[in-house]
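Read off the chains here:
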Amino acid sequence: MSAVAIPGTTFRGKVTQARVIPSEWTKLRSVRSTRWSLLVATVLTIGFPILAASVISSHWGHQSPEERANFNPLDPALIGSQIAQLAIGILGVLVITAEYSTGMIRATFTAVPRRLPVLWAKATVFAVVTFVLMLPSVLIAFFASQSILSRHHANIAWSHPGVARAVIGAALYLTVIAVLSLGLGTIVRNTAGGIATFAAVFFVIPPLMNVLPASWNDAISPYLPSNAGRSIISITHDAHALAPWTGFALFCGYAAITLVVAAVLLVRRDT
Amino acid sequence: MIEARGLTKDYEDKRAVDDLSFDVHPGIVTGFLGPNGSGKSTTMRLILGLDRPTKGNVTVNGKHYRDHPAPLHEVGALLEARSVHTGRSARNHLLALAQTHGIPRGRVDELIDVVGLHDVAKKRAGKFSLGMGQRLGIATALLGDPQTVMLDEPVNGLDPEGIHWIRNLLKSLATEGRTVFVSSHLMSEMSLTADHLIVIGRGKLIADTSVADFVAGASKQLVHVRTPQEAALREILSGLGATLHTTDEGLLEVSGLTAEQIGEAAAAQKIVLHELTPHQASLEEAFMDLTRGELEFAAAGEEAA
Ligand SMILES: Nc1ncnc2c1ncn2[C@@H]1O[C@H](COP(=O)(O)OP(=O)(O)O)[C@@H](O)[C@H]1O
Ligand SMILES: [Mg+2]
């Protein structure tokens, strides 16, 4: 019999939260579909506002004075983030559900049997990556679109009250979406189910509110996660919307609750 | 060292593991044997804390798996179900796991070479053959240079060369003083690698014994006899209390008498014998005998044989 020599190692390291974070970063960057989704989110966040501003600018001469008066220059600037939220949300779900569908979760939990460091690391890594990509994207989108609109003096200045908050807020909003969708994915543990839940919360339920009597709609709608979160992105506030930071704080609360429920289930359930 | 005490696991109303108690000792290869569906994989998931026992308790090197501050240095495991993200390369897979313990990159590259995945280390694991996947699983198990190695059906899907490699690996690991726990539904595989056997059926412990004792204890001694005067011989041997069975090939299988007793009885009646062979039941037969009553489906038994 020929002995199989397995080289040993004297290295002995403990699992720490600080070590699980780079591990999750390796996981995130080493899957091609993740890199593509993030690239698409970035390109759309920058590209759509430039496209939208160009179209608006070229039609500006045909617009009625009324239309011009109602035009909000922030709308085209932040239109990309509306699309990016879908990409970020789906990716947030996938960050965990892909581990369940491929079986990777068993390797992950064998290495980190206490499990919670994995959830915190995933949330940290994905939130930081989202913010680091999305903040420059929305800034570029804002300044590029406003420079196009400035030909017709239809732009809005960075120094205008609320503008900086709304633009940076768009990046913050997407960052919280990253955490919230990770939480949803962890609770549901299934890619299709997780994406469906995310889409229901952000895209299906809000418009459904319009079938309610106006007084109900006004009472409920502002507190929906998507509307609460988006109040930070807007500079034109209708009477029923929550104040920007109040809404955003509520949105963070929703994300925190989702993540806590996810954490409790993650520790309790079999894999 | 693995110590299970009253380990029980229910899935809905199905009992997968039923009051299992056993110890797995260092320095030898302990085989974990049972037909398909007998609860081997479930037991291993319970050991790793991936599933929670309904009742009972299992520790590795004196602690619950999850209480080890550096689990990959305690136990290396290869699970039966694939545990790799299909979109990630072998190298990044190992690196991500290594990073949780701060294990240096050099160790990852070293293991990739040892298991022979050097040329495909940057390929997506989803494109791996079953054999390459097993090798990646072994590399994962050995990453932390663990004291205890636990492999669930490691030879599944391997080519003969790979099977040979695994057998030698298991023996080497045990010789180094490690605890080696390896499952299989094939007795023949266990007989080639294991020193000790833990046999289960329907989640229950059937035997916890050395391989040698298992064979000796479970097998009935058979004597194969060939004679042109079968009817006459049958009558005599029945009279001496033997149990008789004629095989399809016309061979008479005798149990309950030794070859000497049969030979002398035949000689006394001047019956001609063309063949008289004591036959030690094979391990596979012993295993089949032992688990016969425990098989959930006859089909599973045929598969195991
Ligand atoms: N996650 C699970 N949910 C429900 N039943 C399960 C689960 N895992 C295993 N079982 C059942 O438990 C029994 C033992 O399965 P398993 O441990 O895979 O056996 P083995 O590895 O010996 O083939 C089988 O009947 C199987 O169907
Ligand atoms: Mg199994």
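Reading the values: the criteria
- Residues numbered from 1 in each chain as written.
- Chains lettered and ligands numbered in written order.
- Predicted model: local features only at pLDDT ≥ 70, side-chain atom pairs only at ≥ 80, totals over all residues.
- Heavy atoms only, no water.
- Donors = N, O, S within 2.8 Å, 3.2 Å for Na, K, Ca; no water.
- Helix = DSSP H or I, 4+ residues; strand = E, 2+ residues; numbered from the N terminus.
- Buried < 20%, exposed > 50% of the residue type's maximum accessible area, 1.4 Å probe, protein only.
- Pairing = 2+ DSSP bridges.
- Axes fitted to C-alpha atoms, helices over the stretch in contact; angles between N-to-C directions.
- Contact = heavy atoms within 4.5 Å.
- Domains from an automatic or database assignment.
- Near = heavy atom within 4 Å.
- Polar contact = N/O pair within 3.5 Å; in protein donor to acceptor, adjacent residues only side chain to side chain.
- Areas by Shrake-Rupley, 256 points an atom, 1.4 Å probe, with all protein chains shown as cover.
- Nonpolar A, V, L, I, M, F, W, Y, C, P; charged D, E, K, R; others polar.
- Parallel < 35°, antiparallel > 145°, perpendicular 65-115°, else oblique.
- Left-handed = near helix turned anticlockwise from the far one by under 90°.
- Arc of directions from axis to C-beta.

Caption draft 1: Spotlight on the coordination of the magnesium ion (ligand 2). Residue and element names in this part refer to chain B. Coordination of the magnesium ion (ligand 2) by the protein involves Ser 41 (OG) and Glu 80 (OE), with metal-donor separations of 2.1 to 2.2 Å. Note that Ser 41 is positioned in helix 1 (residues 40-47) and Glu 80 in the loop between strand 5 (75-78) and helix 3 (90-99), a separation of 39 residues in sequence. Taking the relative accessible area as the measure of exposure, Glu 80 reaches 41% and is therefore partly exposed.

Caption draft 2: The arrangement of the sheet that holds strand 13 (residues 275-279) of chain B in detail. All names here are of chain B. One open sheet holds the four strands; their spatial order is 11-12-10-13, and the pairing between them is antiparallel. The open sheet is flanked by strand 11 (243-246) and strand 13, the only strands paired with a single partner. When strand polarity is set aside, the average angle formed by the axes of neighbouring strands in this sheet is 20°. The pairing of strand 10 (residues 222-226) with strand 12 (residues 252-255) spans four bridges and is antiparallel. Among the inter-strand pairings, Val 225 is bridged to a residue of strand 12, identified as Leu 252. Across the face of the sheet, helix 9 (residues 230-239) comes into contact with strand 10, strand 11 and strand 12 while running at roughly 155° to strand 11. Packed onto the sheet, helix 10 (residues 259-268) meets strand 10, strand 12 and strand 13 and runs at close to 160° relative to strand 13.

Caption draft 3: Here's a closer look at the domain arrangement of chain B. Domain assignment breaks chain B into domain 1 (2-210) and domain 2 (220-278). Between domain 1 of chain B and domain 2 of chain B, the C-alpha centre-to-centre distance is 47 Å.

Caption draft 4: Quick look at the site of ligand 1. Residues and elements named next belong to chain B. Taken together, the neighbourhood of ligand 1 is formed by Tyr 11, Lys 14, Ala 16, Pro 35, Asn 36, Gly 37, Ser 38, Gly 39, Lys 40, Ser 41, Thr 42 and Arg 45. For ligand 1, an oxygen atom lies 2.9 Å from a polar atom in the backbone of Lys 40. In this structure, Thr 42 approaches ligand 1 through a side-chain N or O atom, which is 2.6 Å from an oxygen atom. For ligand 1, whose unbound accessible area comes to 560 Å², protein coverage reaches 66%. If you tally residues by element for the shell around ligand 1, the top one is helix 1, at four residues. The class makeup of the residues in the shell around ligand 1 is three nonpolar, six polar and three charged.

Caption draft 5: Representation of the environment of Pro 154 of chain B within the structure. Residues and elements named next belong to chain B. For Pro 154, the position within the fold is in the loop between strand 6 (148-152) and helix 6 (160-175). A C-alpha to C-alpha distance of 8.3 Å links Pro 154 and Leu 79, two positions 75 residues apart in sequence. Beyond its immediate sequence surroundings of up to four residues, Pro 154 is in contact with Leu 78, Gln 134, Ile 166, Val 182 and Ser 183.

Caption draft 6: Representation of the sheet that holds strand 4 (residues 55-60) of chain B within the structure. All names here are of chain B. Sheet architecture is open: three strands sit in the order 2-1-4, paired in antiparallel fashion. Taken across any chain shown, the strands that pair with only one partner, and hence form the sheet edges, are strand 2 (14-24) and strand 4. The mean angle between the axes of side-by-side strands here comes to 20°, regardless of whether they run parallel or antiparallel. Taken together, the seven bridges between strand 1 (residues 2-11) and strand 2 define a ladder with antiparallel strand orientation. Looking across to strand 2, one finds that Lys 9 is bridged to Val 17. Relative to the sheet, helix 1 contacts strand 1, strand 2 and strand 4, its axis offset from that of strand 1 by approximately 115°.

Caption draft 7: Quick look at the packing of helix 2 (residues 32-59) of chain A against helix 4 (residues 74-102) of chain A. Residue and element names in this part refer to chain A. Following both chains from N to C, one finds helix 2 and helix 4 inclined at 160°, their axes separated by 7 Å at the closest point. By the criterion of interaxial angle, the relationship of helix 2 to helix 4 is roughly antiparallel. In the crossing of helix 2 with helix 4, the sense of the turn from one axis to the other is right-handed. Packed against helix 2, whose contacting residues are Thr 34, Ser 37, Leu 38, Ala 41, Leu 44, Thr 45, Phe 48, Pro 49, Ala 52, Ala 53 and Ile 56, the element helix 4 presents Pro 76, Ala 77, Ile 79, Gly 80, Ser 81, Ile 83, Ala 84, Ala 87, Ile 88 and Leu 91 at the interface. Of the residues assigned to the contact of helix 2 with helix 4, the class counts are 16 nonpolar, five polar and no charged.

Caption draft 8: Spatial organisation of helix 10 of chain B. All names here are of chain B. For helix 10, the complete set of buried residues consists of Ala 259, Ile 262, Ala 265 and Ala 266. Projected onto a plane normal to the axis of helix 10, the buried residues spread over an arc of 135° and lie on a single side. Exposed positions of helix 10 whose direction lies more than 90 degrees from the buried face are Glu 260, Glu 264, Ala 267 and Ala 268. The inward-facing, buried residues of helix 10 abut strand 10, helix 9, strand 12 and strand 13. Once helix 10 finishes, Lys 270 follows within two positions and takes phi at roughly 55°, a positive value.

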